[in-house]
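# Summary of the model geometry
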Amino acid sequence: MTENFTGSFTQQESIPEAGIEAALAVLRHGRLHRYNTNAGELSETALLEQEFAAYVGSKYCLAVASGGYAMATALRALGVGHGDKVLSNAFTLAPVPGAIAAVGAQPIFVGVTEALTIDLDDLESKLDQADVLLLSHMRGHICDMDRLMTMCDAANVKVVEDCAHTMGASWNGVPSGRAGTIGCYSCQTYKHVNSGEGGFLVTDDPILAAKSIMLSGSYMLFERHLAAPDSDVFKDIKYETPNISGRMDNLRAAILRPQIADFAMQCQRWNDRYYALETGLRDVAGLKIIERPEEEVIVGSSIQFLLLDWSEEAVVEVVARCKSRGVELKWFGAAEPAAFTSRYDSWHYANPVNMPKSDRILQGIVDMRVPLTFSIEDCKLITRIIRAEVSAVYQAQI
Ligand SMILES: *Cc1c(COP(=O)(O)O)cnc(C)c1O
């Protein structure tokens with residue numbers, strides 16, 4: 001009998017009841033704008049910022065409209081502007097070079113290793129070309145952050161972390177987003193918490209926090225924040241910083257607060273699924289597991305493996321066979337960007353230069369989402385399907 005999988009790869013869990021209740025309360029009182037508060041009232045958004053700052057251990061936190069907005073705001077706060085260069089990953093998704101383009105800057109792409117992390121040797125050779133690195137922990141893979149920070153500090157390159165896939169993860173005990181100068185997170189439906197759209201920016205730097213708050217469209221209401229620097233830090237900044245609106249609203253914040261409260265448990269549930277998948281995919285000829293370093297604590301909301309040096313036809317065949325059995329795999333090697341996959345060389349506006357070493361790896365990356373609506377049994381079934389189809393195509397190839 002041929003087994004098929006019938007679950008949905010894009011179906012997240014529902015919003016927790018406490019979030020639904022809190023959202024209804026906001027809808028009933030109607031004060032959705034974060035600064036629309038009654039005397040003595042603390043807004044859902046301000047409370048969320050305080051709670052997220054406590055969770056990651058940052059001094060300051062700003063909730064914003066999206067992860068992409070958080071990254072562009074971080075770059076603006078650091079003074080990146082028109083014509084500047086920003087180092088970033090060749091293996092990432094479109095909002096990352098998009099945030100660089102949003103401030104009129106130009107990405108310099110850094111290669112990817114077989115561990116699916118940024119190539120630190122390539123980075124080292126390019127550190128003299130920019131003052132900022134927008135580091136994407138793409139698909140949750142964290143590089144040797146100790147080496148990266150030592151290198152960047154020595155070269156005086158500021159690090160902005162894109163933690164869209166690493167909210168809740170850590171390297172050597174340091175939460176993802178807390179090693180660099182600024183950490184950015186996404187609360188978009190397909191990430192680790194879900195408010196449809198949304199994001200966070202965290203930092204310990206009072207000047208950068210104040211600038212980011214002004215940039216997000218604070219008017220002169222920054223005193224209504226609970227995870228902001230003292231108002232005297234805003235003294236000059238409030239006159240010198242343009243308003244580029246991108247605030248979060250109280251409805252989204254109300255939905256998110258219970259999710260942050262439950263977050264550690266959700267991370268564990270993701271990892272239960274991830275490690276069931278990883279175990280199920282071991283020892284398949286031709287399929288390379290991405291081994292996770294000891295220093296890395298992950299949140300396994302997606303899984304990747306490599307079909308390294310396979311022909312294009314063979315990879316396409318694996319993806320098609322799995323799809324016909326209900327398993328949706330994404331391939332990062334496709335020449336044409338499809339849905340959420342894309343490659344550095346499809347961002348023509350960024351004038352990418354060819355990176356043959358990275359191309360070899362990108363051509364082998366197969367990626368799968370792991371929503372929490374999957375059970376452990378679902379994960380085991382999925383691995384049986386992938387094993388069978390990868391093996392069948394591999395045998396036929398050799
Ligand atoms: C989703 C995502 C972001 C941020 O996305 P928004 O949709 O703007 O919240 C940033 N980086 C990566 C790698 C992402 O996948």
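Residues numbered from 1 in each chain as written. Predicted model: local features only at pLDDT ≥ 70, side-chain atom pairs only at ≥ 80, totals over all residues. Heavy atoms only, no water.

What follows covers the site of the ligand. Of all residues adjacent to the ligand, which total 15 residues, the nearest are Gly68, His165, Ser186, Gln188 and Lys191. Contact distances for the ligand include 2.8 Å between an oxygen atom and a backbone N or O atom of Gly67. Between Gln188 and the ligand, the recorded distance is 2.8 Å, taken from a side-chain N or O atom to an oxygen atom. Of all the secondary structure elements, the ones that give two or more residues to the shell around the ligand are α3 (67-77) and α4 (95-102). Looking at the shell around the ligand element by element, the count peaks at three residues for α3. Its residues placed into classes, the shell around the ligand shows five nonpolar, eight polar and two charged. (Near = heavy atom within 4 Å. Polar contact = N/O pair within 3.5 Å; in protein donor to acceptor, adjacent residues only side chain to side chain. Helix = DSSP H or I, 4+ residues; strand = E, 2+ residues; numbered from the N terminus. Nonpolar A, V, L, I, M, F, W, Y, C, P; charged D, E, K, R; others polar.)

Turning next to the sheet that holds strand β4 (residues 132-136). Spatial ordering of the open sheet is given by β1-β9-β8-β5-β4-β2-β3, a layout of seven strands whose pairing is mixed. Strand pairing shows two members of the sheet lacking a second neighbour, β1 (60-64) and β3 (106-110), which therefore form its edges. Each neighbouring strand pair of the sheet contributes to a mean axis angle of 20°, computed without reference to strand direction. Here three bridges tie strand β5 (residues 158-162) to strand β8 (residues 182-186), and the two strands are oriented parallel to one another. Among the inter-strand pairings, Val160 is bridged to a residue of β8, identified as Ile182. Sheet contacts for helix α2 (residues 44-56): β1, β8 and β9 (199-203); angle to β1, the most-contacted strand, approximately 130°. (Pairing = 2+ DSSP bridges. Axes fitted to C-alpha atoms, helices over the stretch in contact; angles between N-to-C directions. Contact = heavy atoms within 4.5 Å.)

Bringing the environment of Trp310 into the picture now. Structurally, the position occupied by Trp310 is in the loop between β12 (302-306) and α11 (312-324). Remark: the alpha-carbon pair of Trp310 and Cys379, spanning 69 residues in sequence, is separated by 25 Å. In contact with Trp310, not counting residues within four places along its chain, are Gly286, Val315, Val318, Val390, Val393, Tyr394 and Gln397. Side-chain polar atoms of Trp310 contact the backbone oxygen of Gly286, separated by 3.1 Å.

What follows deals with the domain arrangement of the protein chain. Per the domain assignment, the segments of the protein chain are domain 1 (17-261) and domain 2 (263-397). Look at where the C-alpha atoms of domain 1 and domain 2 centre, and you get two points 27 Å apart. Facing 41 residues of domain 1, the contacting portion of domain 2 comprises 36 residues. Summed over both sides, the interface between domain 1 and domain 2 buries roughly 3100 Å², with carbon and sulfur atoms accounting for 62% of that surface. It is Glu114, Arg139 and His192 in domain 1 that bury the most area against domain 2; as a group they hold 22% of the surface buried on that side. The tally of links from domain 1 across to domain 2 stands at four salt bridges. Among the salt bridges present, the one from Glu114 reaches Lys288, with a minimum N-O distance of 3.7 Å. The tally of links between domain 1 and domain 2 comes to 13 residue pairs in polar contact (both at pLDDT 80 or more). (Domains from an automatic or database assignment. Buried area = accessible area lost by both parts, 1.4 Å probe. Salt bridge = Lys/Arg side-chain N within 4 Å of Asp/Glu carboxyl O.)

To continue, consider the pattern of salt bridges. Overall, the coordinates contain 26 salt bridges when judged by the stated rule. Note that Arg282 is salt-bridged to Glu278, the shortest N-O span being 3.1 Å. By relative accessible area, which is 28% here, Arg282 ends up partly exposed. Among the salt bridges present, the one from Glu389 reaches Arg321, with a minimum N-O distance of 2.9 Å. In this pair, Glu389 sits in helix α13 (residues 376-397) while Arg321 sits in helix α11, placing the two residues 68 residues apart along the sequence. On the accessibility criterion, Arg321 (30% relative accessible area) is partly exposed. In this structure, a network of salt bridges that share partners links the residues Glu114, Lys288, Asp309 and Arg360. (Buried < 20%, exposed > 50% of the residue type's maximum accessible area, 1.4 Å probe, protein only.)

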